[in-house]
Amino acid sequence: MASTIYQRKRDFVVCGVVGVCATTRAEFVKEVFRMPTTPMSATVNLVGVPAIVSAKENPKYAEMYNSCTMAAIDGMPIVKIGIRKGLKCERCAAPDIMGLVFRKSVEQGKTHYFYGGKDNELLQKLRENLEIEYPGIRIVGMYSPPFRALTEEEDQDICEIINGLHPDFLWVGIGAPKQEMWMWEHQKKIHGTVMLGVGAGFNFFSGALQKAPEWMEKASLEWLFRLSREPRRLWRRYILGGFKYIYYTIEAKIRRNIE
């Protein structure tokens, strides 16, 4: 009998386009440690407002987010939808869940590979910080890909390297939705691992970026904190994207009422 592909149940659908999984951070960690990684690797996407906007505007992205093993919630507006539905859920942002996974991985002897980061200097700082903060963490490899598409040969080479190292967790930090698409395309090429798309998570743990104060996160203002730090890069995502999300939310409500 052929093995079935595991997919975490979606608890609700956002804007009629992407199904998400409502969990607490503690439940999130438990799930990624027990996820089946056969017959293909598991993929974990952290779905926030930008992901919803991308999915509304590109059917391929919608298919990708709905095909991943687990679509955790990374956005307070979406968390609040879950809470209104009576679900117990927390925001599973990269800076929050990564540390929890690192800590538990030390206890269980699990290994990590990091794919992403702007350069090798950032990756080296990331390694140094993690080894100090999580003594005993097992990092089996790191790779900062060039700012271009890899050739077929280059891609095959890095897949062979990763497969030879057998990491339990493969952290991908090349920006959303590029990283989620990469994981989707490599789910069968890289074997026996849990892939997690963590965006700027590499920057937070390397010290290149500062985490927003807790009160701003609770007030759904983390976007404003990050925008103040990187206005030229993020204004389109947070300002334009925010208006689009509001529009798509209203549109989905109208459609439900009509139907």
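For the structure itself, consult the block above.
Owing to the predicted nature of the structure, the values given are computational and were not obtained by experimental measurement.

What counts, and where the lines are drawn
- Residues numbered from 1 in each chain as written.
- Predicted model: local features only at pLDDT ≥ 70, side-chain atom pairs only at ≥ 80, totals over all residues.
- Heavy atoms only, no water.
- Helix = DSSP H or I, 4+ residues; strand = E, 2+ residues; numbered from the N terminus.
- Rg over C-alpha atoms; globule rule 2.2 N^0.38 Å.
- Buried < 20%, exposed > 50% of the residue type's maximum accessible area, 1.4 Å probe, protein only.
- Contact = heavy atoms within 4.5 Å.
- Areas by Shrake-Rupley, 256 points an atom, 1.4 Å probe, with all protein chains shown as cover.
- Lys, Arg positive; Asp, Glu negative; His and termini not counted.
- Charge placed at Lys NZ, Arg CZ, Asp CG, Glu CD.
- Polar contact = N/O pair within 3.5 Å; in protein donor to acceptor, adjacent residues only side chain to side chain.
- Salt bridge = Lys/Arg side-chain N within 4 Å of Asp/Glu carboxyl O.
- Pairing = 2+ DSSP bridges.
- Axes fitted to C-alpha atoms, helices over the stretch in contact; angles between N-to-C directions.
- Arc of directions from axis to C-beta.
- Right-handed = clockwise from strand over helix to strand, strands pointing away.
- Patch = residues over 30% accessible without salt bridge, like charges linked within 9 Å, V, L, I, M, F, W, Y side chains within 5 Å.
- Core = buried A, V, L, I, M, F, W, Y, C linked by side-chain atoms within 4.5 Å.

Caption draft 1: The arrangement of the overall build of the chain in detail. The number of helices and strands found in the chain is 12 helices and 8 strands. Rg of the C-alpha trace for the chain: 18 Å, near the compact-globule value of 18 Å for 259 residues, within the 12% margin. For the chain, the spread of C-alpha atoms along the principal axes amounts to about 55 × 50 × 40 Å. Counting all 259 residues of the chain, 49% fall into the buried class. Pairs at least 24 residues apart make up 73% of the contacts formed inside the chain by residues separated by at least 6 positions. Roughly 13300 Å² of accessible area belongs to the chain as shown, and the carbon and sulfur atoms make up 54% of that amount. Positive and negative charge centroids in the chain, built from 36 and 29 side chains respectively, lie 7 Å apart.

Caption draft 2: How the structure looks around the side chain of Arg91. By the element assignment, Arg91 lies in the loop between α4 (76-84) and α5 (94-108). In terms of polar contacts, Arg91 uses its side chain to reach the side chain of Asp74, at 2.8 Å. If near-sequence neighbours (up to four positions away) are discounted, Arg91 is found in contact with Arg25, Ile73, Asp74, Gly75, Met76, Val79, Asp96, Glu217 and Glu222.

Caption draft 3: A look at the pattern of salt bridges. Under the definition given, this model contains 12 salt bridges. Across the pair Arg8 and Asp11 runs a salt bridge, and its minimum N-O distance is 3.0 Å. With a closest N to O distance of 3.5 Å, Arg127 and Glu131 form a salt bridge. Pair noted here: Arg127 and Glu131 are both in helix α6 (residues 120-133), with a separation of 4 residues, about one helical turn. Take Glu131: its relative accessible area is 39%, and that puts it in the partly exposed class. When salt bridges with common partners are traced through the structure, they connect Arg8, Lys9, Asp11 and Glu31 into a single cluster.

Caption draft 4: Expanded view of the sheet that holds strand β6 (residues 138-143). On the basis of which strands lie adjacent, the open sheet formed by 6 strands has the order β4-β3-β8-β7-β5-β6 and parallel pairing. This sheet does not close on itself; its edge strands, each paired only once, are β4 (70-73) and β6. Ignoring which end each strand starts from, the neighbouring axes of this sheet average 20° apart. Relative to the sheet, α6 contacts β5 (111-116) and β6, its axis offset from that of β6 by approximately 170°.

Caption draft 5: A look at helix α3 (residues 59-67). Among the residues of α3, those classed as buried are Ala62, Met64 and Tyr65. The buried side chains of α3 occupy one side of the element, clustering within an arc of 160° when seen end-on. Looking at the packing, one finds that the buried side of α3 touches β2 (18-20), β3 (42-47), α2 (49-57), β4 and α8 (178-186). The opening residue of α3 is Asn58, an N-cap whose side-chain oxygen sits 2.9 Å from the backbone nitrogen of Lys60.

Caption draft 6: The arrangement of the pairing of strand β8 (residues 194-197) in detail. Every second residue of β8 is oriented toward a common face, with Val194 and Leu196 on one face and Met195 and Gly197 on the other, all of them buried. Pairing analysis gives 3 bridges linking β3 to β8, with the strands arranged parallel. By the bridge assignment, Thr43 is partnered in β8 with Met195. In this fold, the crossover linking strand β7 (residues 169-173) to β8 by way of α8 has right-handed handedness.

Caption draft 7: Representation of the environment of Val20 in the model. Examined against the element boundaries, Val20 turns out to sit in strand β2. Along the primary structure Val20 and Lys9 are separated by 11 residues, whereas in three dimensions their C-alpha atoms are 8.3 Å apart. Discounting chain neighbours no more than four positions away, the residues touching Val20 are Arg10, Asp11, Phe12, Val14, Val47, Ala71, Ile73 and Ile78.

Caption draft 8: Looking closely at a nonpolar patch on the surface. A cluster of nonpolar residues, Trp223, Leu224, Trp235, Ile239, Leu240, Phe243, Ile246, Ile250 and Ile254, forms a patch on the protein surface that exposes about 820 Å² of accessible area. Counting only elements with at least two residues in the nonpolar patch, the list comes to α11 (222-229) and α12 (231-258). The greatest single-element share of the nonpolar patch, amounting to 7 residues, is contributed by α12. Position of Leu240 relative to the elements: it lies in helix α12. Judged by relative accessible area, which is 34%, Leu240 ranks as partly exposed.

Caption draft 9: Representation of the nonpolar core within the structure. Counting residues in each nonpolar core, the largest one holds 35 residues, and the members touching the most others are Phe28, Val32, Val44, Phe102, Leu130, Trp171 and Leu196. Elements with a contribution of two residues or more to this core: α1 (25-34), β3, β4, α5, α6, β7, β8 and α9 (201-206). Broken down by element, this core gets its largest block of residues, 5 residues, from α5. For Phe102, the residues in contact, after removing those within four places along its chain, are His112, Phe114, Leu130, Tyr134, Ile137, Trp171 and Phe205.

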